Amino acid sequence: MSDIKSIIKGIDKLKPIPQVASKVMSIARDPESSMSDLSKVIVFDTAVTANLLKVANSAYFGLHDKVDSVHQAIVHLGMDQVVDLVVISDSSENLKSAQEGYDLNAGDLWKYSVSSALIARELAEKKEANEINLIFTAALLKDIGKVILNQYVKDSFDKINALVTEQNFTFREAEKKVIGIDHAELGGMVAENWDFSPQMVEIIRNHHLPQKSSISEFESSIVYIADTICMMMGIGVGSDGLAYRFHQEVVERLSLSDRDFQKVISVFVKSWNRSIR
Amino acid sequence: MSLIVGVSDMKVSDDTEATLVTYSLGSCIGVAIYDAVARVGGLLHYMLPESSLDPEKAKKNPFMFADTGIPALFKAAYKLGAKKQRMKVIVAGGAEILDQKGVFNIGKRNDAAIRKMLHRNNVIIDYNDVGGVVNRTIKLAVNNGDTWIKVSGKGEKKI
């Protein structure tokens, strides 16, 4: 078993989520906040502003008029979309690198994370969730623990794989058994370290639903189902494959059918082919 | 030269320099076909078993579904001179999540769909590597029909 303390120290090596993303997320959570509150936070960060305008003007959104200010971007795309874009652009650096332990090439974990986030948003809207931005961001960042655990998974892959193939362990359970900590638990620690809300910490820690969630059960379930659908689609899936547990009772509690799953998959491919590949 | 077949996508080729590849199948299925006489190869990456889910979508993109994608794959290869009786067929993918049962097991349903369809049309599957919890990638060389299946974390094997 590895030294847990030295694994946790790996959190410090991540590029911290800039303040602007945290601020933007807290604005998104405050029902009293306005467009100008959001705009004020973003305009002071030139890198984020430049990136936002670049994306807003991309073919993906098909806007007729050229967007050349943060305010215009918010008007054209809406607050929710702008919040998503800021969070996405800030988390990309950590998630874009190759993760050899998980047999993921550069960009794979990023594709997986963005896909999960987009699907989680769609499910959240379908289920009329109140905390759509929370769900989106948690789905985007849920595998951040893999970035740190990667090296340890690489060193112990054969042992982890043996538990998965011979003893019906999930990959997460095998990580925990062999290394002493799993990627979801570690992801929760990263979220704590970045001062994310307790709900966000819990959803990230609990995104494979190892136990019943206490404060964010609904949100955790949505993120879990989005993750499940992404694994089935195979986009950015690595050496852990689909070795996680399917909780049919969770799916049924949200009144989702296999047809709903298939619909989400069939709709998603189009936006995938258009935007992320 | 690599010709990449995307998700819900299909390509055929008679270019002997070309290698057809489709990545990261998950529960989706990759179907590689090859006629060694005509030296024509084809590769399909479908996601779902039945087009009845959304007939409109199936018209726009037949490669999303087994029942519309598989006929489209064979027909496209016939156009380049391939013949059904000479066709080698390799099927990969269709993985499942642990404890994923019944109708939710899309991987298994994807596999059942192609078996049923090929059986009905008297086409034999020469090699198949489906199911389990692993993620696969499949690659076919148009030059000689050599096929490789890569399992994430476990390397690539020639079949």
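Residues numbered from 1 in each chain as written. Chains lettered and ligands numbered in written order. Predicted model: local features only at pLDDT ≥ 70, side-chain atom pairs only at ≥ 80, totals over all residues.

S.K.: For this particular structure, what's the right way to read the overall build of chain A?
M.R.: Helix and strand content of chain A: 16 helices and zero strands. In terms of overall dimensions, chain A is globule-like: its C-alpha atoms have a radius of gyration of 19 Å, near the 19 Å expected for 277 residues. In terms of its C-alpha atoms, chain A occupies a principal-axis envelope of roughly 60 × 45 × 35 Å. Counting only residues that meet the buried cut, chain A has 51% of its 277 residues in that class. Taking as baseline every contact in chain A between residues at least 6 positions apart, the subset at least 24 positions apart corresponds to 63%. (Helix = DSSP H or I, 4+ residues; strand = E, 2+ residues; numbered from the N terminus. Rg over C-alpha atoms; globule rule 2.2 N^0.38 Å. Buried ≥ 20, exposed ≤ 12 C-beta atoms within 10 Å, placed from the backbone. Contact = placed C-beta atoms within 7 Å.)

S.K.: Hey, could you run me through the overall build of chain B in this one?
M.R.: In terms of helices and strands, chain B carries three helices and ten strands. Each helix (α) and strand (β) of chain B, taken in turn from the N terminus, gives the series β-β-β-β-β-α-α-β-α-β-β-β-β. Computed over the C-alpha atoms, the radius of gyration of chain B is 15 Å, within 12% of the 15 Å expected from 2.2 N^0.38 for a compact globule of 159 residues. With respect to the principal axes defined by its C-alpha atoms, chain B has extents near 40 × 35 × 25 Å. Pairs at least 24 apart in sequence give 63% of the contacts found in chain B among residues at least 6 apart.

S.K.: Explain the interface of chain B and chain A here, please?
M.R.: When the parts of a complex come together, some accessible area is lost, and that lost area is often used as the size of the interface. Opposite the 29 residues of chain B that make contact, chain A presents 31 residues. In terms of residue class, the side of chain B that touches chain A is built from 15 nonpolar, nine polar and five charged. (Nonpolar A, V, L, I, M, F, W, Y, C, P; charged D, E, K, R; others polar.)

S.K.: Explain the sheet that holds strand β6 (residues 87-93) of chain B here, please?
M.R.: The pairing of strands in a sheet happens through backbone hydrogen bonds and is either parallel or antiparallel. All names here are of chain B. Across the sheet, which stays open at both edges, the five strands sit in the order β2-β5-β4-β6-β7 with mixed pairing between neighbours. The open sheet has two edge strands with one neighbour each: β2 (9-13) and β7 (127-130). In this sheet, adjacent strand axes meet at a mean angle of 10° when their direction is disregarded. Sheet topology note: the strand β4 (residues 29-35)/β6 ladder contains seven bridges and is antiparallel. By the bridge assignment for β6, Ile29 is matched with Gly93. Sitting on the sheet, helix α2 (residues 66-79) is in contact with β2, β4 and β5 (40-46), with an inclination near 165° to β5. Sheet strands in contact with helix α3 (residues 106-120) are β4, β6 and β7, and its direction is about 30° off that of β4. (Pairing = 2+ DSSP bridges. Axes fitted to C-alpha atoms, helices over the stretch in contact; angles between N-to-C directions.)

S.K.: What's the story with the nonpolar core in this structure? I'm lost.
M.R.: As a rule of thumb, nonpolar side chains are buried together in soluble globular proteins. Val24(A), Leu52(A), Val86(A), Ala120(A), Ile135(A), Ala226(A) and Tyr46(B) are the most contacted members of the largest nonpolar core, which totals 136 residues. With near-sequence residues (within four places) excluded, Ile135(A) lies in contact with Ala120(A), Arg121(A), Ala124(A), Ala129(A), Glu219(A), Ile222(A) and Val223(A). (Core = buried A, V, L, I, M, F, W, Y, C linked by C-beta atoms within 7 Å.)

S.K.: I tried to follow the packing of helix α7 (residues 108-126) of chain A against helix α8 (residues 132-141) of chain A on my own but got confused; where do I start?
M.R.: The axes of two packed helices give the description: the angle between them and the distance between them. Residues and elements named next belong to chain A. It is at 7 Å that the axes of α7 and α8 come closest, and there the two elements cross at 155°. For the element pair α7 / α8, the angle class is roughly antiparallel. By crossing handedness, the relation of α7 to α8 is classed as right-handed. Contact residues: Ser113, Val114, Ser116, Ala117, Ala120, Arg121, Ala124 and Glu125 in α7; Ile132, Ile135, Phe136, Ala139 and Leu140 in α8. Residue composition of the contact of α7 with α8, by class: nine nonpolar, two polar and two charged. (Parallel < 35°, antiparallel > 145°, perpendicular 65-115°, else oblique. Left-handed = near helix turned anticlockwise from the far one by under 90°.)

S.K.: Would you mind showing me how to read the environment of Val130(B) here?
M.R.: Residue and element names in this part refer to chain B. Tracing the backbone through its elements, the reader meets Val130 in strand β7. Classification of Val130 by C-beta neighbours within 10 Å gives buried; the count is 22. Taking the C-alpha atoms as reference, Val130 lies 9.6 Å from Gly30; in sequence the two are 100 residues apart. Dropping the residues within four chain positions of it, Val130 is found in contact with Val91, Ala92, Gly93, Gly94 and Asp111.

S.K.: Before we go on, may I ask you to explain the sheet that holds strand β9 (residues 147-151) of chain B in this structure?
M.R.: Residues and elements named next belong to chain B. Across the sheet, which stays open at both edges, the five strands sit in the order β1-β3-β8-β9-β10 with mixed pairing between neighbours. For this open sheet the edge positions go to β1 (2-4) and β10 (155-158), each flanked by a neighbour on one side alone. Sheet twist, expressed as the mean angle between neighbouring strand axes with direction ignored, is 20°. In the sheet, strand β8 (residues 136-141) pairs with β9 via five bridges, with the strands oriented antiparallel. By the bridge assignment for β9, Thr137 is matched with Lys150.

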